[in-house]
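Given next are the chains, with one letter for each unit.
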Amino acid sequence: MKKVAPEKQLLESIAAQIPTPFHLYDGPALEKRAQDLNAAFSWNEGFREYFAVKATPNPHILELLKAQGCGVDCASLCELKMARAVGFRREEIMFSSNQTPAGEFELARELGAIINLDDISHINFLQEHGGIPKVICLRYNPGGDAVVANQVMGRPEEAKFGMTRDQIFESVRRLQAMGTEEFGLHAFLVSNTRAPDYYPAMAAMLMELALEIHRELGAKVFMVNLSGGIGIPYRPEEEPVDIAKVGERVREAYDSLIRGTSLHPMRVVTELGRYMTGPIGWLVARAIHTKDIYKQYIGLDATACNLMRPAMYGAYHHITVPGKENAPCDRVYDVVGSLCENNDKFAVDRKLPEILPGDLVVIHDTGAHGHSMGYNYNGKLRSAEVLLTDEGYRLIRRAETPEDYFATLDYPGLNGGTGQLQGEPPAGWGAGRP
Ligand SMILES: *Cc1c(COP(=O)(O)O)cnc(C)c1O
């Protein structure tokens, strides 16, 4: 599928107000994705997408998704605080955390979030820090290989998440004794998969487990949580996932396994991140240098600090040059940032049209795990975030300034110099220590 970005004229008019680099998100396109997902699972009355906040942690994005009926999946103190500020409460919040600090369980319980328990050892820890809820979700790790449509897609056995099958049963027993009445089951086996069989296969696995738990322990399993993992086509030659078909196939699993049993009606929920926001975001940068040595380089004003995926995973992100969409791709470039790290490359040996200093360069599919994975290496500052709306565009996070970067120091000429660091440790810090 041809990758399109907003037109040069619009991007230049934004860049005149908000200097590059910036992350740009298409609000109406995100609403449409939420609506299509909701439609695909509308057969399930309890369906809800709990957007994985870590993909795009901006309250304006969360607000937009809330208006489409989505909840949030949080994994940390700040994500919970952001969810609270946007007005998410109780069963609108899933808390899927691991190695969880005490203060995070406490805040999650205070908000009435559904806790997705990662480990059996967390039962006693949760009892001490927040208390055991009436409703809880348990994270299952089936071990072995994740096989979807006869293909090995992942190795759950090597993953740090979730509990073994025996631990799931033992956890249900213990929690029942402590007063928990309803259980959800969660698993996350494969990341960024476009295999249409992934969700249906996992749904069937969790539904079968739910039936067994119900049969053996008499527990009410009210929900299966299919988590995230549905992928997007990062390359133009790849096909997007047909979400309507995926919803239909999960319905078939539901109809054959759950409908007609005493577990019906059961909620089916998702925690998609990448699928929701990945394709509706772009990193907009400008070429500031060209360099011709053993290879030809295009130097951008963005770095891996703005988009870590290529440097970290060698991930492919498509690149286009606004205004040169129809120019022949007759050059081969490495498109790079300015970090003192040789992996700071957005693309290697990429066929592109001729790029000159001053050209805008758009990196595609950066809406999820883009700005959110940003960091400050080399003293680089994190960029602004801009939301396209029906009316135009809106700045939803300003760019960092040097003052922001120095704010946590206390040093003459940078930030103070009184010799006394000001400020309280953040809430949750050190909580739970003896
Ligand atoms: C990261 C994560 C997600 C979202 O994953 P995507 O691949 O972005 O869809 C959902 N649930 C949990 C528990 C996660 O850790």
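Scroll up a little and you will see the structure.
Predicted model, so just to flag it, every value in this text is computed and none were measured.

Draft legend 1. Main features of the pattern of salt bridges. A complete count under the given rule lists 20 salt bridges for this structure. Measuring nitrogen to oxygen at the nearest pair gives 3.5 Å for the salt bridge that ties Arg155 to Glu158. Under the relative-accessibility criterion, Glu158 is labelled exposed at 61%. Through salt bridges that share partners, Asp145, Arg155 and Glu158 make up one connected network.

Draft legend 2. Region of interest: empty space enclosed by the protein. In total, this model carries one cavity of 30 Å³ or more according to the counting rule given. For the largest cavity, the full set of lining residues is Thr193, Ala195, Pro196, Tyr198, Tyr199, Ile230, Val241 and Val246.

Draft legend 3. Focus on the environment of Gly314. For Gly314, the position within the fold is in the loop between helix H11 (309-313) and strand S14 (319-320). Linking Gly314 and Ala347, residues 33 residues apart in sequence, is a C-alpha distance of 8.9 Å.

Draft legend 4. Looking closely at the pairing of strand S15 (residues 331-336). Here three bridges tie strand S13 (residues 296-300) to S15, and the two strands are oriented parallel to one another. Note that in S15 the partner of Tyr297 across the bridge is Asp334. In terms of strand pairing, S15 meets strand S16 (residues 345-352) through five bridges, oriented antiparallel. Directly across from Val332, in S16, lies its bridge partner Lys351.

Draft legend 5. Just a nonpolar patch on the surface, in detail. A grouping of Leu409, Tyr411 and Leu414 is seen on the molecular surface, where their side chains present a nonpolar patch of about 290 Å² in accessible area. Its location among the elements puts Leu409 in the segment after helix H12 (402-406).

Draft legend 6. Highlighting the site of the ligand. In the vicinity of the ligand, 14 residues are found, and the nearest of them are Lys54, Glu271, Gly273, Arg274 and His369. In the environment of the ligand, an oxygen atom lies 3.0 Å from a nitrogen or oxygen atom belonging to the backbone of Gly273. Looking at the shell around the ligand, its residues break down into three nonpolar, six polar and five charged.

The rules behind each value
Residues numbered from 1 in each chain as written. Predicted model: local features only at pLDDT ≥ 70, side-chain atom pairs only at ≥ 80, totals over all residues. Heavy atoms only, no water. Salt bridge = Lys/Arg side-chain N within 4 Å of Asp/Glu carboxyl O. Buried < 20%, exposed > 50% of the residue type's maximum accessible area, 1.4 Å probe, protein only. 1 Å grid on protein atoms, 1.4 Å probe; cavity = no way out; pocket = protein on both sides within 12 Å on 5 of 7 lines; lining within 4 Å. Points joined across faces, edges and corners; volume = space filled by probe spheres on them. Helix = DSSP H or I, 4+ residues; strand = E, 2+ residues; numbered from the N terminus. Pairing = 2+ DSSP bridges. Patch = residues over 30% accessible without salt bridge, like charges linked within 9 Å, V, L, I, M, F, W, Y side chains within 5 Å. Areas by Shrake-Rupley, 256 points an atom, 1.4 Å probe, with all protein chains shown as cover. Near = heavy atom within 4 Å. Polar contact = N/O pair within 3.5 Å; in protein donor to acceptor, adjacent residues only side chain to side chain. Nonpolar A, V, L, I, M, F, W, Y, C, P; charged D, E, K, R; others polar.

Shape descriptors only; they carry no functional weight alone.
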